[in-house]
Structures are given as structure tokens and as C-alpha cells.
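# Observations on the three-dimensional arrangement
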Protein chains: 2
Amino acid sequence: MKTINIFGSTGSIGKNTLDVIRKNKKDFKVLGLCTHSNVGALCAQIKEFSPSYVCVVNEESAGKIKHLNKKIKLFKGEIGLREFSSINCDTSLMAISGISALKPLMINIEHAKKIALANKESIVTAGDFVLDKAKRFKTKILPVDSEINALFQLSASQNNFSKVYLTASGGALFDYKPKDLSRVCVKTVLSHPTWRMGRRITIDSATLVNKGFEVVESHQFFNLPYENIGIVIHRESNVHALVEFKDKTLFACMYPPDMRIPISFALSYPKRIDALQTLNFKGKLSLTFEPLRVRQFPLLDIVLNGAKRGGNSLTVLNGCDEVAIEYFLGNKIKFTDIYKAMNYMFSHYKQAKLKTLDDVFYWDTWAKEKTKEYLRTL
Amino acid sequence: MKTINIFGSTGSIGKNTLDVIRKNKKDFKVLGLCTHSNVGALCAQIKEFSPSYVCVVNEESAGKIKHLNKKIKLFKGEIGLREFSSINCDTSLMAISGISALKPLMINIEHAKKIALANKESIVTAGDFVLDKAKRFKTKILPVDSEINALFQLSASQNNFSKVYLTASGGALFDYKPKDLSRVCVKTVLSHPTWRMGRRITIDSATLVNKGFEVVESHQFFNLPYENIGIVIHRESNVHALVEFKDKTLFACMYPPDMRIPISFALSYPKRIDALQTLNFKGKLSLTFEPLRVRQFPLLDIVLNGAKRGGNSLTVLNGCDEVAIEYFLGNKIKFTDIYKAMNYMFSHYKQAKLKTLDDVFYWDTWAKEKTKEYLRTL
């Protein structure tokens, strides 16, 4: 029986994680639940999973919690989140979205034996800091992201591969012509063909910024040079990653597009637990692969160039992307303005090294302010 | 530099093996070449690869060899084959076809450090004897057969899988209606859609007897219970096998249908050498899977039932299949008479245990005679 703390329990990954735990109660016990502000969903989760600790990051929302069982300790606000992050447990599931995950993650590395990491921004903006600290504290960090999780599964056994391929569904706008992109509405971009995920990652899937971030994750988690990380379009999202050996033999890792599968793997590793959904050969199954047309996804190119530049580049791009998507989701800008913002920022920031974690936050704030300024000019 | 002895150097697998060696001369040195009777092809191979030992199993053909360099030792006939099998070497490639491989293989286990085994009949008819002896002599036996080789590759890393799937192209007659099968000619059955192989195995691919034999190989090599070995139709022959873990995640092993790839792997294992042909994502790649309709392939069912019965069953079926195919290739019987012969034999043999290797040969001879008798009545 492993104790689990869930950061971001009311989001898409959090709910999937609780579903895995619900179906494997003899293996896992929820120790703590943490949400930003969704108190309604949190209260239902408290009732079902009886955690010992609860955290609500938004203080105003925290005030809405009434009649909490006295055995449950409630943490409130940013300070509360810090305390919640200091609770010792077997496994944490880190699914706070965006760069906000970074501070609790860095603290939590000192207190969790294993962290199932669903947040990619922490690795993209501050991967060296996170992974170095995890190494020092001997905390195992397991990627939950399906592609990186698949690579982890494939490499858990043999790591003598010479190249890896991440698959990309191509997102909601794969078949759109460039000239039609400026008119797409939020609802269209949020209609991902294969995955049900959070809003930002779904939009990042349409621009392939998400795939760029996964390339960075692959680089960080597996020490792979960027030139050995390929992307291949695979619309069905059943194959998540492939590794290629020196003799060009490929191993592919396959499961249906259901986040509960990589979550189960990350929670139960090195064991495996029963699946909730399976690919099988009872009917016809078709897997198609086609080359990525890089020109179709200019933001991917920017992210990959940022990755090669290093330093603060990805922090700036991530901050810009987060704000631009927020504006798009709020119907303040057009979809193609996300492209414009990223382009603008990539040619108007000053490259700098990241010497401390504070530098990460500095450049994140700088990029967000600068992006807002720019977006106001559109 | 590893020394290699090739048994069956003028056949399809032998030629592919020499092509691998030709392209990797710094890794491999041909020590010995052995053919049944194709002296013409052998002489060309001798000229190119300068082996120290040469063996021609058919004595009459051996007589045709003239002007052999005095440094090369020539072995003739069955006795010569026995002596050739006793040459010490790093690796043997055993590609003699049919049950004739069994005697030289059993001797060779005492003299080769590693045997790349392309012959499946030896495992099907006498797997326990072969693998037990290999264990005693600490001789590594690596399967060359693409599906079993793929399983070996997948299991070399993790062997905690719960099920395996072998893929089947379905062979040359996949789209034929049962009523049309009696009329198919030899040329049609030999037109395999994806693989270029020897004649018997190509016909066994059309009846799926070959796939049944591979199920037996999987059972023998990986100690898998028969119920955990599945077959899935995959017409493109790019995925050769899949393993399924407890959580139903699948790993697939992929390479193009080119025997040089599993041969390279078997020769170079545990290293990998450069590929001669590769799957890539430069164009569209489509992989389709569909369930096997067992009723379409009655001989597969017979082989799998024979496997479960054990004892002499597979030896009898293999002998019958070999003779029936020989008759079909000689235009003496119709394609569907192979079905009739196998059906007849499966209901007219006496089950017996195989206590010694002599029992294997006894039942092989018995089955072949009995099959000939039966075929004469058609």
C-alpha cells in the first residue's frame, strides 16, 4: 500500500489518477489532495478518498470549505502549498499546470520517494534544476506524459538505442489550410481528435508547441542529443514512442490514448497493475505514420530552436505561450496571434543563462509581461 | 572477428548470411561452407570468401568439385557432414532445411559457441533434445526466424510479459476462397506477398503451418504456455512480434521483411551492426492488424492441436507436411491434397512419447512413408 499525494487533483490528470486509485484500492492510499480553487470537486474527492491532508491554493476558494472532518488538515494559499509539498509520502503525482508547479515540485523532491510528473513546464523551463535536485535527493522522477512515459518504458529495459521517435497526432487543426487558421474558434482548437486533456495542452497540441516541449523532456530525461529525437505524425495516438537501435530495428510502445495507462505505470513502477483499457486484435487495427511537415508547424520550429539556444530561451517561450493561450481562450486574440506573439518574443528577448531558480521566475515574469504588452498592440 | 560456419550456404538463408558477412568483413570470417548439392553456387562462394572447410552432403555432387585450393579441406557425404559439424567455431548458422538439420545440429552444439538457428523443424520435432543439450554445453541458440528473433530481441530486455503475439502475413492465398484452393498452381503459392524465402517455408506460409511451427518455437524458446501465444494477421510484415505486459501495454518489434536483419542480429548479438535496409518515416507507412480467422487455416489448427498433444505428434505432422509439399511442388498432387494428407495423418497415427532422438527419426520416417502411401491413393 503506497501513500499518494496528488497536486492538482481536480484537473484532468488528477481525476484520471483518482480513477486509477479507485480501481486499485489495495495498492494505493490517497494521503493528500491539492487543488487551485475547484472546491466543489475537491469536497466530493475528500468524501470518497478520505485524505489526511487537503490544500486549496486560492485563499478565497479555501474559505468556502465548511464542515471539514477534524482529522483532515487543511492548507491554504501559497504558504499552505509549500507546507503541503513538505508532507512525506511514497509517491506524489504532480499535475499542477504551468510553471506554478515548479516551486512545490522543488520542495516535494525532498519529501516524496517517487514523483510521477505530469507537468512538463517544470522540465522545459528548469529541467536541469529539477533533475539535479532529484538526483541529489535520490527521488525518482517518472514522466507521466504519454510519449515520455512510453520512452521510459522502452528504455527501462535497453538503453542502447541510437534514436527515438515521438509520435504526434497532429492535433485538432491538422487538416486546416494556413489561410483558415486565423478564423478558428476556441471550441475547434479544443476538439482534440484522440486525447481528452486540459485546455492549454490541447491548444499546444494544435501548434505542436507541446511536441517541442516533449522533445525537450526526452533530451532532459534520457540525455539524448536533439538530433537523435525525431517526430512522426501518427494520427491514431496508439503508438506513443519508438526507439531505434543501431541496426535500425524499431521497438514501438503501444496503448490506447487514455492517460490512466501511463499514470498507472508511473504509480505502480517497477510493477505493473491491471489495465483499465486495452488495445487488442479482436477487430481491425490500423496504425499510420507519416513524416512531419515542419513548415506546417512554425511554433515547433521556434521551440526546437529555443531548446538548442538553451539558457532562458525556453522559459521565455513557455511564458509567452502560456499568456497567448490564456488570451486566446478568453477570446481576446485570434488563434494565429499565438504564432505572432511567439515569433515576436523569439526575436525580441535577450539570451541569458539561468544561474538560479530565481532566474527562471524572473524570465517567466518578464516574458509574460512582455507578451501582454505585445498582445495589446494587436 | 568471429569465425562462422554456414550450414546450407547456397540456400536462401545461406546467401543472405553471406551478404551480411560481405558487408561486415571486419566483424566476421567465413570458416566453413556447407551445401547439399549446389556445387556451382558453392564454388563461387569459395572463391569470394576463402573458407578453410567445405562440405558437400550429396556425394555425387561432391565429385564435381575440381581444382580446390589445397588449403581447403573438403568433406563429403553424410560422414563428411558429421565431421564438418565437429569443427570448432564462434558461430554457426544452421540453415539446412527440414529434419536433416537435426543430426548436424546436435553434433554442432558441442563445437560452436553460438548457433544462429534458421531451421525450425529441429525445434518443432525435437526441441526438448536440442535445447537441453544446448543448455548442458552452454551453447547459446539464437532463433533467426524473424518472428522468433523479434521475440528474442523484445525479451532480451524485459521478460515480464504476460502474452506474445506473432504476426502472420497470411501468405500467398490469403484472399482466396476455399473453393478456389484446389486449383491453385505451384507458382501462385510460391508468390509470397512480402518475403522471399525457400520453397517449403513459402508454402507453409500459405497454409499457416509455418505459423503453427513458430508458436511451437515460441513455446520452446521462451517457456510460454500455448494459451499465451497469439497470432495476428499483419499483411505488411513490418512488425514481426509483439509482447504484452500485465497492464496490456504492447511493445512491437519492427523492421522491413528482409532476412538479413534477423541474421545480422543473431550473428552480432549481443552487439548490433549497421543495417542493410531500414524502415523509416520518410514516406507514409501503414501497419494494419486484423484477427486471424482460424477456420480459414485448418492446418494451423491441426499443428496447434499436435503441439498440445506433444510426444511424437509434431514429428509426424512435420514429416507428413514435408512429403506432401514435395509432392505438390512436383505437381503430383493438388494444393488441397496437402490438407487431406495432414488431416488423414492426424487421425491415423498412434501417439507415443519421444524417449530418444532415434524415436524422432523413427516417427519421421514412419510419417513420410505413411503419407506417401496415402497420397498414392488420391
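It should be emphasised that the depicted structure is a prediction, and the values quoted were computed from it without experimental measurement.

## Comments concerning the overall build of chain A
Helix and strand counts for chain A come out as 15 helices and 12 strands. The C-alpha radius of gyration computed for chain A amounts to 20 Å, which stays within 12% of the reference 21 Å derived for 378 residues, consistent with globular compactness. Across its three principal directions, the C-alpha atoms of chain A cover 60 × 55 × 40 Å. Going through the 378 residues of chain A one by one, you find that 61% of them count as buried.

## Thoughts on the confidence of the model for chain A
Summary statistics for chain A give a mean pLDDT of 94 and a share of 99% for residues scoring 70 or more. Complex prediction metrics read pTM 0.94 and ipTM 0.93.

## Notes on the nonpolar core
A:Phe335 and B:Phe335 are the most contacted members of the largest nonpolar core, which totals 258 residues. Each residue touching B:Phe335, except ones within four places of it in the same chain, is listed here: B:Leu173, B:Leu181, B:Ser182, B:Val184, B:Val189, B:Ile203, B:Ala206, B:Thr207 and B:Phe328.

## A closer look at the packing of aromatic side chains
Across all of its chains, the model carries 34 aromatic pairs over all chains by this definition. Between the aromatic rings of A:Phe75 and A:Phe84, the centroid separation amounts to 6.1 Å while the plane-to-plane angle is 70 degrees, which identifies the pairing as edge-to-face. Neither residue differs from the other here; A:Phe75 and A:Phe84 are each classed as buried. An aromatic cluster is built from A:Phe7, A:Tyr53, A:Phe75 and A:Phe84, whose rings are joined through pairwise contacts. Directly above the aromatic system of A:Phe245 lies the positively charged group of B:Arg272, at a separation of 4.0 Å from the ring centroid.

## What about the side chain of B:Thr10?
Residue and element names in this part refer to chain B. Inspection of the secondary structure puts Thr 10 in the loop between β1 (2-7) and α1 (12-22). On the basis of relative accessibility, which here comes to 10%, the residue Thr 10 falls in the buried class. Of the polar contacts made by the side chain of Thr 10, one reaches the side chain of Thr 35; its length is 2.7 Å.

## A short note on empty space enclosed by the protein
Residue and element names in this part refer to chain A. A complete count under the given rule lists 1 cavity of 30 Å³ or more for this structure. Put simply, the largest cavity is a space of about 40 Å³. What lines the largest cavity is simply Ser 146, Glu 147, Thr 167, Ala 168, Ser 169, Trp 195, His 234, Ser 237, Val 239 and His 240. When residues of the lining of the largest cavity are traced back to their parent elements, those giving at least two are α7 (146-155), β8 (163-168) and β10 (239-244).

Cut-offs used in this document
- Residues numbered from 1 in each chain as written.
- Chains lettered and ligands numbered in written order.
- Predicted model: local features only at pLDDT ≥ 70, side-chain atom pairs only at ≥ 80, totals over all residues.
- Heavy atoms only, no water.
- Helix = DSSP H or I, 4+ residues; strand = E, 2+ residues; numbered from the N terminus.
- Rg over C-alpha atoms; globule rule 2.2 N^0.38 Å.
- Buried < 20%, exposed > 50% of the residue type's maximum accessible area, 1.4 Å probe, protein only.
- pLDDT = per-residue confidence, 0-100.
- Core = buried A, V, L, I, M, F, W, Y, C linked by side-chain atoms within 4.5 Å.
- Contact = heavy atoms within 4.5 Å.
- Phe/Tyr/Trp six-rings, centres within 6.5 Å; stacked < 30°, edge-to-face > 60°.
- Lys NZ or Arg CZ within 6 Å of the ring centre and 35° of its normal.
- Polar contact = N/O pair within 3.5 Å; in protein donor to acceptor, adjacent residues only side chain to side chain.
- 1 Å grid on protein atoms, 1.4 Å probe; cavity = no way out; pocket = protein on both sides within 12 Å on 5 of 7 lines; lining within 4 Å.
- Points joined across faces, edges and corners; volume = space filled by probe spheres on them.

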